[in-house]
Every structure is written in structure tokens, then in C-alpha cells.
Amino acid sequence: MGLNVIMMGPPGAGKGTQATRFARERGLLKISTGDILRDAIKDGTTVAMLAKTRMDRGELVDDATMIEIVRQRLTRQDAMCGFVLDGFPRTVFQARALDTIMEERSNGPLVIVDVGVPEDELVRRLACRRICSNCGTGADPFGSASTCKKCNGRLVQRTDDNKDVVLERLKIYQSSTRPVLEYYRSRPTFRTVNGAQAPEIVAHELDSMIDEAFKEAMA
Ligand code: ADP
């Protein structure tokens, strides 16, 4: 049975960092829809360029495109031991589609974790966030390096991390993605963690709540 995790939370909550770490430590496939879109933009496909226009405005990419991307990844053989999803689902429509995919896949429960952080802290974090222009890795938010520690690429601000776009993304998070939490909240595998703590404390709390939710679901 696979361990399947959804990392939820507003932009800047640190869910990408935690998703990457958790997937690496547990040998699970990490699927970040934001990273997949940014990679596709580098390749310059038509669908990706349409997505870029929306992303740069802080808007969501359409449900059909996103569901197709996730369906393709989740039905791959390397997703069968389990996965960590970061950035999906962002709408209730996507959450319903994911339930259908999970039923078809029939391979382990879905553990949902919401990483909560107050809005003023999110705005502050996003204004400082830098990623590698080459490999997309997030830079240490407390460091002062100008190049990526993994590949030496140049660190840049994401095109959707400027203040106006950040405010728009937070607004869209409230209107489209918050309802997804309500969609999941009554499930026995739903958990919340306080993301406004040091990353290693968040990591520790996350690990125990995911393990406990998985065990409970399998009992
Ligand atoms: P964040 O750091 O804000 O959580 P991501 O890197 O996950 O951002 O996503 C960046 C952008 O990519 C989003 O603002 C949105 O435009 C698009 N995107 C990513 N995932 C989805 C999704 N599931 N549905 C719609 N749009 C998405």
C-alpha cells in the first residue's frame, strides 16, 4: 500500500520545502504542479505559454490542464509506492477529480496536511523568496548567497512573487483553494500543522502526524 500525501497551504507556507524533504526521506514521488509548469515554460510549449500568462498575473491555470498533468504523473509506475503532491488540488473541482483518480488507482489512503501561516508573514516571506534560475531549487531564506548551492545557477525572484501578484495569489487562494480545505476537513486523514515555526519543528510535527494518520487509516 502506498503512502499518498497532499501538502496544502497558502503560497509561501513552506509546503514545497516540506514536500521535497518528506518525499526524499521516504522514497516517494514528489509532484509539484508549480515546478512542472515552470519546467514546461522553459520548453516553450503552447499550453505552457498560455499557463505562464495566467501564472504571471497570479491567476490559476485551468482545471482541465492541471488535472491532465496530475493524472499522467499519478498513473506512472514510479508513483505506485506513494507520492507527495504540492500545489494540487487548488480547486474543489480538482479535488473531486483527484478522488476519482485515487479510486481508479486503488493504492493506499490519501493523507491531507494543511500548513497554516498568517497572511502578513506570507507576504514578508514571498517578498524575500529566491529560486535558482537554472534548476528551480528554493534558496535558503536566511542566507545571503547569490548562486544556487546545488548547481551554482543564478538566484532570482519568481516572476509571480512581486507584491501585487502575491496579493492577487493570496486573494485567489482564499476564494478558490480555501474551500478545498472544507472539502477535506471532515476526513479522518486530515491534519493541520502550524507552519509559522522553524522548518525543522514543522518537519518533525508533520512526520509524526502523517505517520499517525496513515497508521490509523490502515488499522
Ligand atoms: P506557490 O508557491 O504560490 O504555492 P506554485 O509554485 O505551487 O506556487 O504555483 C505557481 C502558479 O502555478 C500558481 O499561482 C498557478 O498559477 C499555477 N498552478 C500551480 N498549480 C496549480 C493548480 N493545481 N491549479 C491551477 N493553477 C496552478
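Before reading further, recall that the structure is shown in the block above.
Residues numbered from 1 in each chain as written. Predicted model: local features only at pLDDT ≥ 70, side-chain atom pairs only at ≥ 80, totals over all residues. Heavy atoms only, no water.

Some points on the overall build of the protein chain
Phase 1: Within the protein chain one finds eight helices and seven strands.
Phase 2: Computed over its C-alpha atoms, the radius of gyration of the protein chain comes to 17 Å, within 12% of the 17 Å expected for a compact globule of 219 residues.
Phase 3: Partitioning the contacts of the protein chain with sequence separation of at least 6, the portion at a separation of at least 24 is 73%. (Helix = DSSP H or I, 4+ residues; strand = E, 2+ residues; numbered from the N terminus. Rg over C-alpha atoms; globule rule 2.2 N^0.38 Å. Contact = heavy atoms within 4.5 Å.)

Considerations on the site of the ligand
Phase 1: In the vicinity of the ligand lie 19 residues, with K15, T33, E59, G87 and R169 positioned nearest.
Phase 2: A distance of 3.0 Å is found between a nitrogen atom of the ligand and a backbone nitrogen or oxygen belonging to V61.
Phase 3: Contacts to the ligand include G87, whose backbone N or O atom sits 2.9 Å from a nitrogen atom.
Phase 4: Class assignment for the residues of the shell around the ligand results in seven nonpolar, four polar and eight charged. (Near = heavy atom within 4 Å. Polar contact = N/O pair within 3.5 Å; in protein donor to acceptor, adjacent residues only side chain to side chain. Nonpolar A, V, L, I, M, F, W, Y, C, P; charged D, E, K, R; others polar.)

Overview of unusual backbone geometry
Phase 1: Here the bond from F88 into P89 is cis, since omega is 0 degrees, no more than 30 degrees from zero.
Phase 2: Within the secondary structure, P89 sits in the loop between β3 (82-86) and α5 (92-105).
Phase 3: Of note, S106 is a non-glycine position whose phi angle comes to about 45 degrees, a positive value.
Phase 4: As for its placement among the helices and strands, S106 is situated in the loop between α5 and β4 (110-116).
Phase 5: A relative accessible area of 53% places S106 in the exposed class.
Phase 6: Here the phi dihedral of N152 falls at roughly 70 degrees; this positive angle occurs in a residue that is not glycine.
Phase 7: Checked against the element boundaries, N152 lands in the loop between β5 (131-132) and β6 (155-156). (Buried < 20%, exposed > 50% of the residue type's maximum accessible area, 1.4 Å probe, protein only.)

A few points about the pattern of salt bridges
Phase 1: All chains considered together, the criterion is met by 22 salt bridges.
Phase 2: For the salt bridge of K30 with D35, the shortest nitrogen-to-oxygen distance reads 3.4 Å.
Phase 3: The class of D35 is partly exposed, set by a relative accessible area of 29%.
Phase 4: The shortest N-O distance in the salt bridge between R158 and D160 comes to 2.9 Å. Exposure class is identical for R158 and D160. Each is buried.
Phase 5: Connected through salt bridges with shared partners, the residues R129, R158, D160, D161 and R169 form a single ionic network. (Salt bridge = Lys/Arg side-chain N within 4 Å of Asp/Glu carboxyl O.)

Considering the state of the cysteines
Phase 1: Under the criterion given, the structure shown has zero disulfides.
Phase 2: As a non-bridged cysteine, C128 has C148 as the owner of its nearest cysteine sulfur, 18 Å distant.
Phase 3: Under the relative-accessibility criterion, C128 is labelled partly exposed at 45%.
Phase 4: Between C135, a free cysteine, and C132, which holds the nearest cysteine sulfur, the sulfur-to-sulfur gap is 3.8 Å.
Phase 5: According to the relative accessible area criterion, C135 is partly exposed, its value standing at 35%. (Disulfide = S-S within 2.5 Å.)

Focus on the packing of aromatic side chains
Phase 1: The final tally for this structure, using the stated rule, is one aromatic pair.
Phase 2: Taking the centre distance of 5.3 Å and the plane angle of 70 degrees together, the rings of Y183 and Y184 count as edge-to-face.
Phase 3: Under the relative-accessibility criterion, Y183 is labelled partly exposed at 23%. (Phe/Tyr/Trp six-rings, centres within 6.5 Å; stacked < 30°, edge-to-face > 60°.)

Description of the packing of helix α4 (residues 63-74) against α5
Phase 1: The interhelical angle for the contact between α4 and α5, taken along N-to-C directions, is 25 degrees, at an axis separation of 10 Å. With respect to α5, the axis of α4 lies roughly parallel. Relative to α5, α4 is oriented so that their crossing is right-handed. Packed against α4, whose contacting residues are D63, M66, I67, R71 and L74, the element α5 presents F93, Q94, A97, L98, I101, E104 and R105 at the interface.
Phase 2: Looking at the contact of α4 with α5 residue by residue, the classes come out as seven nonpolar, one polar and four charged. (Axes fitted to C-alpha atoms, helices over the stretch in contact; angles between N-to-C directions. Parallel < 35°, antiparallel > 145°, perpendicular 65-115°, else oblique. Left-handed = near helix turned anticlockwise from the far one by under 90°.)

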